[in-house]
Protein chains: 2
Amino acid sequence: MKEFWSKKILDIIPYTPGEQPRERLFIKLNTNECPYPPSPRVIEAIREAAGDSLRLYPDPECTQLRAAIAGREGLDVSQVFCGNGSDEILAFAFQAFFDEDREVVFPKITYSFYPVYTDFFGLKRREIPMNPDFSDPVDLLCGKNGGVVLANPNAPTGISVGLDTVERLLKANPDVVVIVDEAYIDFGADSAVGLIARYPNLLVVQTASKSRALAGLRVGWAMGNENLIAAMRCVRDSINSYTVDRLAQAGAAAAIEDEDYFQSIRRRVINTRVWTENALKGKGFTVLPSQTNFVFASHPGYSGRALLDGLRERGILVRWWGKPEIRDWLRISIGTQEEMEALVKALDELI
Amino acid sequence: MKEFWSKKILDIIPYTPGEQPRERLFIKLNTNECPYPPSPRVIEAIREAAGDSLRLYPDPECTQLRAAIAGREGLDVSQVFCGNGSDEILAFAFQAFFDEDREVVFPKITYSFYPVYTDFFGLKRREIPMNPDFSDPVDLLCGKNGGVVLANPNAPTGISVGLDTVERLLKANPDVVVIVDEAYIDFGADSAVGLIARYPNLLVVQTASKSRALAGLRVGWAMGNENLIAAMRCVRDSINSYTVDRLAQAGAAAAIEDEDYFQSIRRRVINTRVWTENALKGKGFTVLPSQTNFVFASHPGYSGRALLDGLRERGILVRWWGKPEIRDWLRISIGTQEEMEALVKALDELI
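Residues numbered from 1 in each chain as written. Chains lettered and ligands numbered in written order. Predicted model: local features only at pLDDT ≥ 70, side-chain atom pairs only at ≥ 80, totals over all residues. Heavy atoms only, no water.

Chemist: Quick one: what's the story with the relation of the copies chain B and chain A, residue by residue and with numbers?
Modeler: Superposing the two chain copies requires a rotation about an axis and a translation along that axis. Mapping chain B onto chain A calls for a screw motion: a turn of 180° about the axis and a shift of 0.0 Å along it, with 0.0 Å RMSD after fitting. Those values place the two copies in the arrangement expected of a two-fold rotation axis. If distances are taken from each C-alpha of chain B to the rotation axis, the shortest is found for Arg47 of chain B, at 2.8 Å. Looking at chain B, 100% of its interface residues are interface residues in chain A too, so the copies touch through the same face. (Least-squares fit on C-alpha atoms with pLDDT ≥ 70 in both. Contact = heavy atoms within 4.5 Å.)

This is how it looks when you write it as structure tokens:
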């Protein structure tokens, strides 16, 4: 019915997150979670923080966590902003940097929250069709825009662009903010963080959800020059001053500080991805070149929907979108080696 | 500078949260935190949840936590929505229910985030002057509004209204949503939750930050009929699908379930408040009748600013606003009995 709903939300089509099943045990290859647990130091830090001090508000500025990130990335603390997952960071950034009267541009096949943000925040957008090989249409993202959003690597395609390309984009759009969403950066592509010193219009967004195995903790961060970070803070303090709780701050800081553990799990994911790509290609799949913790694949003999349903019947969840351009493609998260072997076995039955 | 900032935020004056000192040990009576630790069952639940499953996204619908709240309040789960603190809940509600073309009304002296929300979300507002005794100007909140927001009990005055008054407000504004912000409800006033069945325009907002001693965990919730809750979900899923992390969901559910502990700490706070009111009156203070975990007080012989600074010098933080109507008033959170005795001792020196 929608009685009392504001006009703003009457026709909104919200984002649909991947299924989080609770009744049945699935092999979950549908939401790009890390198949390995978080660092033991994270658990320790959280258990330590879980005490009497929970009665007190958290540090709204996330000082310790920002210091950990800044230290790792060679930035100043004033160049880092933390939030409740990178979705919150993106939602803040769309409000902080984009205006109603100029089109925000991003590729047509990308993270499906971007068009939800432009709709919800009353912004215009221009979605640029992909190149025929599903790579990013970078030339068409250059110039005369109200803002640019580029997921690098892109999701769900998994394809990344090089820093020369990111730099081209920054130079071609000098008067607007270019958001580079690096949710999957740790699985093979090069981060644009090093460009922050030279480009005042660059905002780099990262998350603890994937490569730090902390999707359940809700921590993301933006990095950019101090002026952009001040804008992010202005948006946050107009909505909710404390979005990262004490436990999340402590846990995420410990995750950032445990570099060895981080390196070991991301390497394992990359190795399993390479194995999976080869196994799928061996079965006749087309697999896009992935720099992420998932692969995007299609099979000439089967529709995406048939594969999705067939895998689900066999206890394996993957992600599928009904959109015309990618209706025959599946996004398959990289699980453990054993999980991916189970996937291949299920496909053996299906194909 | 503000280069690249959106027009929307250029002139915004964000909310200023109370100081969270980190260098020096203060007696913190400035942010209405609970002076007692959270229930031991909360700590236990968090430590249990702090494990491998943090690699997985949380339940976006907070099912277990909502069931705990619904069970306690005699509601259906579909009538409860959970978020990252009641500030997030309020921010969602302003977007879900209020339109640009009709004025949102609330009392002039109330939670200072409300005018920030109307500014930030591009809404018009009408702030209704308080009655001379600082009670809520309820008659003037009735009728021809685009929405009503009432903190009950009110902050920073501490004064509450009865359910008959809330009901009058609901009846007088049948075509718009009335948000009753019950952040402080557990310290003496009557909750409007029982009215939800009869008033489809009522949204009741509560928090775990005060009476559950969990300001550091960031959990708040809205209660209302299913249609209003669906609107809240629509807003959330247009911004950030998972705003309450796994640890916060587990901890807050345990807090709701430990009714005995909750009753014991809220009673202690109420007893100390009564003691504090009497002690302050004994020193010549005017103290408004509080149904909260703070008192709002002024002294005929001293400015609010002088008392604020004098207390700070003596290691005690309280909250003061520069606004003309209340510039001689202090909001003093109720701490432990010992902390309030220290406050009175400091005032002995000051006055």
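Chemist: Tell me what's going on with the sheet that holds strand β10 (residues 294-298) of chain B, and back it up with residues and numbers.
Modeler: Two strands in a sheet stick together by hydrogen bonds in their backbones, pointing the same way (parallel) or opposite ways (antiparallel). All names here are of chain B. Taken in spatial order, the three strands line up as β9-β10-β12 in an open sheet, and their pairing is antiparallel. With partners counted over all chains shown, the strands left at the sheet margins are β9 (286-287) and β12 (329-333), one partner each. Summarising the sheet, β9 and β10 pair through two bridges and their orientation is antiparallel. What sits directly across from Val287, in β10, is Ala297. The strands touched by helix α9 (residues 259-282) are β9, β10 and β12; relative to β10, the strand with the most contacts, the crossing angle is about 10°. (Pairing = 2+ DSSP bridges. Helix = DSSP H or I, 4+ residues; strand = E, 2+ residues; numbered from the N terminus. Axes fitted to C-alpha atoms, helices over the stretch in contact; angles between N-to-C directions.)

Chemist: I'd love a proper account of helix α10 (residues 304-313) of chain B, names of residues and values included.
Modeler: All names here are of chain B. Within α10, burial applies to Gly304, Leu307, Leu308, Gly310 and Leu311. Tucked inside the fold, the buried residues of α10 contact β11 (316-317), β12 and α11 (337-350). Looking at the residues trailing α10, positive phi occurs at Gly315, about 85°. (Buried < 20%, exposed > 50% of the residue type's maximum accessible area, 1.4 Å probe, protein only.)

Chemist: Before we move on, could you go through the pattern of salt bridges and cite the residues and values that matter?
Modeler: Under the definition given, this model contains 42 salt bridges over all chains. Lys7 of chain B is the partner of Asp101 of chain A in a salt bridge, and the nearest nitrogen-oxygen pair spans 2.6 Å. Of this pair, Asp101 of chain A sits in the loop between α4 (85-97) and β3 (104-107) while Lys7 of chain B sits in helix α1 (residues 7-10), on two different chains. Take Asp101 of chain A: its relative accessible area is 46%, and that puts it in the partly exposed class. Linked by salt bridges that have partners in common, Glu61, Arg233, Arg236 and Asp237 of chain A make up one network. (Salt bridge = Lys/Arg side-chain N within 4 Å of Asp/Glu carboxyl O.)

Chemist: Explain the domain arrangement of chain A residue by residue, including any values.
Modeler: All names here are of chain A. By the assigned domains, chain A splits into domain 1 (7-37 + 260-350) and domain 2 (40-258). Between domain 1 and domain 2, the residue contacts involve 35 residues of the former and 32 residues of the latter. Across the domain 1/domain 2 interface, buried area totals approximately 2,700 Å², and carbon plus sulfur atoms make up 66% of it. Broken down residue by residue, the surface that domain 1 buries against domain 2 is led by Tyr15, Phe262 and Gln291, which jointly contribute 26%. The residue Glu325 makes a salt bridge to Lys108 at a minimum N-O spacing of 3.6 Å. Across the contact surface, domain 1 and domain 2 share eight residue pairs in polar contact (both at pLDDT 80 or more). Of all the elements in the fold, those that place two or more residues in the side of domain 1 that touches domain 2 are α1 (7-10), α9 (259-282), β10 (294-298) and β12 (329-333). In terms of residue count, the dominant contributor to the side of domain 1 that touches domain 2 is α9 (nine residues). For the side of domain 1 that touches domain 2, a count of residues per class yields 20 nonpolar, seven polar and eight charged. (Domains from an automatic or database assignment. Buried area = accessible area lost by both parts, 1.4 Å probe. Polar contact = N/O pair within 3.5 Å; in protein donor to acceptor, adjacent residues only side chain to side chain. Nonpolar A, V, L, I, M, F, W, Y, C, P; charged D, E, K, R; others polar.)

Chemist: Break down the side chain of Thr292 of chain B for me, with residues and values.
Modeler: All names here are of chain B. As for its placement among the helices and strands, Thr292 is situated in the loop between β9 and β10. Side chain to side chain, Thr292 and Ser290 meet in a polar contact 2.8 Å long. Within the local environment of Thr292, its side chain forms a polar contact with the backbone oxygen of Phe294, the two atoms lying 2.9 Å apart. Apart from residues no more than four positions distant in its own chain, Thr292 is found in contact with Pro153, Asn154, Gly158, Tyr184, Phe187 and Arg273.

Chemist: Could you give an account of the sheet that holds strand β3 (residues 104-107) of chain B, with specific residues and numbers?
Modeler: Residues and elements named next belong to chain B. Reading across the sheet, the seven strands line up as β2-β8-β7-β6-β5-β3-β4 and stay open at both edges, with mixed pairing between neighbours. Unpaired on one side and paired on the other, β2 (80-83) and β4 (125-128) mark the two borders of the sheet. Ignoring which end each strand starts from, the neighbouring axes of this sheet average 20° apart. Sheet topology note: the strand β7 (residues 202-207)/strand β8 (residues 220-223) ladder contains four bridges and is antiparallel. Bridged to Val205 within β8 is Ala222.

Chemist: So what's going on with the environment of Gln79 of chain B? Which residues, and what values?
Modeler: Residue and element names in this part refer to chain B. By the element assignment, Gln79 lies in the loop between α3 (63-73) and β2. What makes Gln79 buried here is its relative accessible area of 17%. Separated by 125 residues in the primary sequence, Gln79 and Val204 place their C-alpha atoms 10 Å from one another. Discounting residues that sit within four places of it in the chain, Gln79 has contacts with Ile196, Ala222, Met223, Gly224, Asn225, Glu226 and Ile229.

Chemist: Would you mind going over the pairing of β10 of chain A in detail, with residue names and values included?
Modeler: Residues and elements named next belong to chain A. Of all five residues in β10, five are buried; the element is thus mostly enclosed. Along β10, one buried face is formed by Phe294, Phe296 and Ser298 and the opposite face, lined by Val295 and Ala297, is buried too. Between the antiparallel neighbours strand β9 (residues 286-287) and β10 lie six residues. With five bridges joining them, β10 and β12 adopt antiparallel strand pairing. By the bridge assignment, Ala297 is partnered in β12 with Leu330.

Chemist: Go over the interface of chain B and chain A, please, and point to the residues and values.
Modeler: Tallying the contact residues gives 83 residues for chain B and 83 residues for chain A. Here chain B and chain A share an interface that buries about 6,800 Å² over both sides, 57% of which is from carbon and sulfur atoms. Sorting the residues of chain B by area buried against chain A places Phe4, Arg55 and Tyr57 of chain B first, and these three jointly supply 12% of that buried surface. For the pair chain B and chain A, the number of links is two salt bridges. Across the contact surface, chain B and chain A share 43 residue pairs in polar contact (both at pLDDT 80 or more).

Chemist: Explain the pairing of β12 of chain B residue by residue, including any values.
Modeler: Most of β12 of chain B sits inside the fold, with five of its five residues counted as buried. Residue alternation in β12 of chain B divides its side chains into two sets, Trp329, Arg331 and Ser333 of chain B and Leu330 and Ile332 of chain B, and both sets are buried.

Chemist: Describe the packing of α4 of chain A against helix α7 (residues 226-236) of chain A, listing the residues and the values that go with them.
Modeler: Residue and element names in this part refer to chain A. Interhelical geometry of α4 versus α7 gives an angle of 105° and a closest axis separation of 9 Å. In terms of axis orientation, α4 runs roughly perpendicular to α7. On α7, the residues that touch Ile89, Phe92, Ala93, Gln95, Ala96 and Phe97 of α4 are Leu228, Ala231, Met232, Val235 and Arg236. (Parallel < 35°, antiparallel > 145°, perpendicular 65-115°, else oblique.)

Chemist: Go over the packing of helix α10 (residues 304-313) of chain A against helix α11 (residues 337-350) of chain A, please, and point to the residues and values.
Modeler: Residue and element names in this part refer to chain A. At a minimum axis separation of 10 Å, α10 and α11 run at an interaxial angle of 115°. Crossing of α10 against α11: the hand is right-handed. On α11, the residues touching Leu307, Gly310 and Leu311 of α10 are Leu343, Ala346, Leu347 and Leu350. (Left-handed = near helix turned anticlockwise from the far one by under 90°.)

Chemist: Lay out the packing of aromatic side chains in plain terms, naming residues and giving numbers.
Modeler: All names here are of chain B. Taken as a whole, this structure holds 34 aromatic pairs over all chains when the rule is applied. Ring centres of Phe106 and Tyr114 lie 5.6 Å apart, and the angle between their planes is 65°; on these two criteria the pair is classed as edge-to-face. By relative accessible area, Phe106 is classed as buried at 0%. With a centroid separation of 5.1 Å and 75° between ring planes, the pair formed by Phe134 and Trp329 is classed as edge-to-face. Highlighted residues: Phe134 in the loop between β4 and β5 (147-151) and Trp329 in strand β12, separated in sequence by 195 residues. On the accessibility criterion, Phe134 (13% relative accessible area) is buried. (Phe/Tyr/Trp six-rings, centres within 6.5 Å; stacked < 30°, edge-to-face > 60°.)

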